[in-house]
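# Chains, contacts and geometry: an overview
What follows is each chain in one-letter form.
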Amino acid sequence: MNNTDRIARSWRAFRAELARTSEKPILPIHAPTKRPTLGLALGGGFARGLAHIGVLKVLEEENIKIDFMAGTSVGSVVGAAYCSGISAKELEEISGLVRFSDFARWTLSRYGFCSNDRMDRFLSKIVRCKNFEELKIPLAIAATDFENGAPVVFREGCILDPVRASCAYPGMFLPVKLNGRMLVDGMLGYAVPTTPLRQMGADRVIGVYLSAHWVNMKGPRHLFDVIGQCFSIAQAAMSESWKRDADIVIEPNVDGFAYDDFARAPDLIKAGEIAMRAIVPQLKQWLAVGESVSQAATEPPLSPLRGPAVA
């Protein structure tokens, strides 16, 4: 066989192999996928904030992991305790013992009627670490600069003072001085702190809004009801700002509960459970195996849900 025959045979063999391999289907290249990160924003509401414990109970029972948390006012208390390692069950047990006097002390001041300095001792019992960096779940705590109204978000350093500042309800509690600023309740900056969760990297955000007004048809009982009702009206009017950063807003039905109804903890926790269970199916769809972050970001947000009334 001469060189010309060898070259011809090699060429025919190459063409046959090329034709055979070209018949194989080209497999698509998939982008890496992972579970979308989940953020939970807990709003304020004094004793009504015990409904947050019911929300956390359902998440634990359904084995749904929270990647980031943020809290305002009582939401910062529940968030700090939970992120430090206190379980929802333990929080439920603690809630049955909590009373207003555990964290409030009556005082005479032109800035308010109560000091919340007792919160240091109270928080030391339920928060298992002192600094944000030690928390098991990353946490943001929202307060408000009293001078200019700007939201102030804490994510590092000591936990206790930011929580106290976040809970300094104007007119009731004295402002808290921290880092050269006079701070009051975070509800004025972020009634429900959804925006900090987006900044922390949450792909999906659940906002828990305790929207009940402070008074009923009989009118206010005292000055605190007047102050509380005014802020409740203002919060409702400003709600669109934080709702833009929420994929789901749940509103536990806390109508009929007073701001200091700590003795009704079981009913408030139940209200949180009912509201959270209503969105579990949608939540599990988000977290389904193989759902990509890009898909999660392009899906339209779900409509706000409200839990049914608690008997």
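All of these numbers come straight from a predicted model, not from anything done at the bench.

Tracing the backbone shows Thr195 in helix H7 (residues 194-200). For Thr195, a relative accessible area of 15% gives the class buried. In this structure, Thr195 is in contact with Tyr190 and Asp245, ignoring residues within four places of it in sequence. For Thr195, the side chain forms a polar contact with the side chain of Asp245, separated by 2.7 Å.

Turning our eyes to something else, we now look at helix H2 (residues 51-61). Within H2, nine of the 11 residues are buried, which leaves it mostly tucked inside the rest of the structure. Immediately beyond the C-terminal end of H2, within one or two residues, lies Asn63, with a positive phi of roughly 55°.

Here Glu92 lies in helix H4 (residues 88-95). In this structure, the C-alpha to C-alpha distance between Glu92 and Ile53, residues 39 residues apart in sequence, is 6.6 Å. Within the structure, the side chain of Glu92 is placed 3.4 Å from the side chain of Lys57, a separation counted as a polar contact.

This part takes up the pattern of salt bridges. Scanning the entire structure with this criterion turns up 14 salt bridges. Asp145 is the salt-bridge partner of Arg181, the closest N and O atoms lying 2.8 Å from each other. Residue Arg181 is located in strand E9 (residues 181-185), and its partner Asp145 is located in strand E5 (residues 139-145); the two are separated by 36 residues in the primary sequence. With a relative accessible area of 6%, Asp145 lands in the buried category.

Quick look at the pairing of E9 now. Relative to E9, E5 runs antiparallel, the two being bridged by three bridges. Bridging from a neighbouring strand, Asp145 pairs with Leu183 of E9. Where strand E8 (residues 176-178) and E9 come together, three bridges link them in antiparallel fashion. Bridge pairing in E9 links Val176 to Leu183. Hairpin connection of E8 to E9: two residues between the antiparallel strands, including Asn179 at a positive phi of 55°.

Rules and cut-offs
What you see as residue numbers is a count from 1 along each chain, following the sequence as written. Thresholds applied to this predicted model are a pLDDT of at least 70 for local features of residues and 80 or more for the giving and counting of side-chain atom pairs; totals over whole chains, interfaces and linings are not thresholded and use all residues. Excluded from the side-chain calculations are hydrogens and water; all other atoms, namely the structure's heavy atoms, are used. Each helix corresponds to a stretch of at least 4 residues labelled H or I by DSSP, and each strand to a stretch of at least 2 residues labelled E; elements are numbered beginning at the N terminus. Burial status follows relative accessibility: with a 1.4 Å probe on protein chains alone, a residue under 20% of its type maximum counts as buried, one over 50% as exposed, and anything between as partly exposed. Whether two residues touch is decided by their heavy atoms; if any such pair falls within 4.5 Å, the residues are in contact. Whenever a nitrogen or oxygen atom comes within 3.5 Å of another N or O atom, the pair is scored as a polar contact, on the condition that within protein one atom can donate a hydrogen and the other can accept it, and that pairs from neighbouring residues in sequence are kept only if both atoms are in side chains. Put simply, a salt bridge is a Lys or Arg side-chain nitrogen that is within 4 Å of an Asp or Glu carboxyl oxygen. A strand pair is defined by DSSP finding two or more bridges across the two strands.

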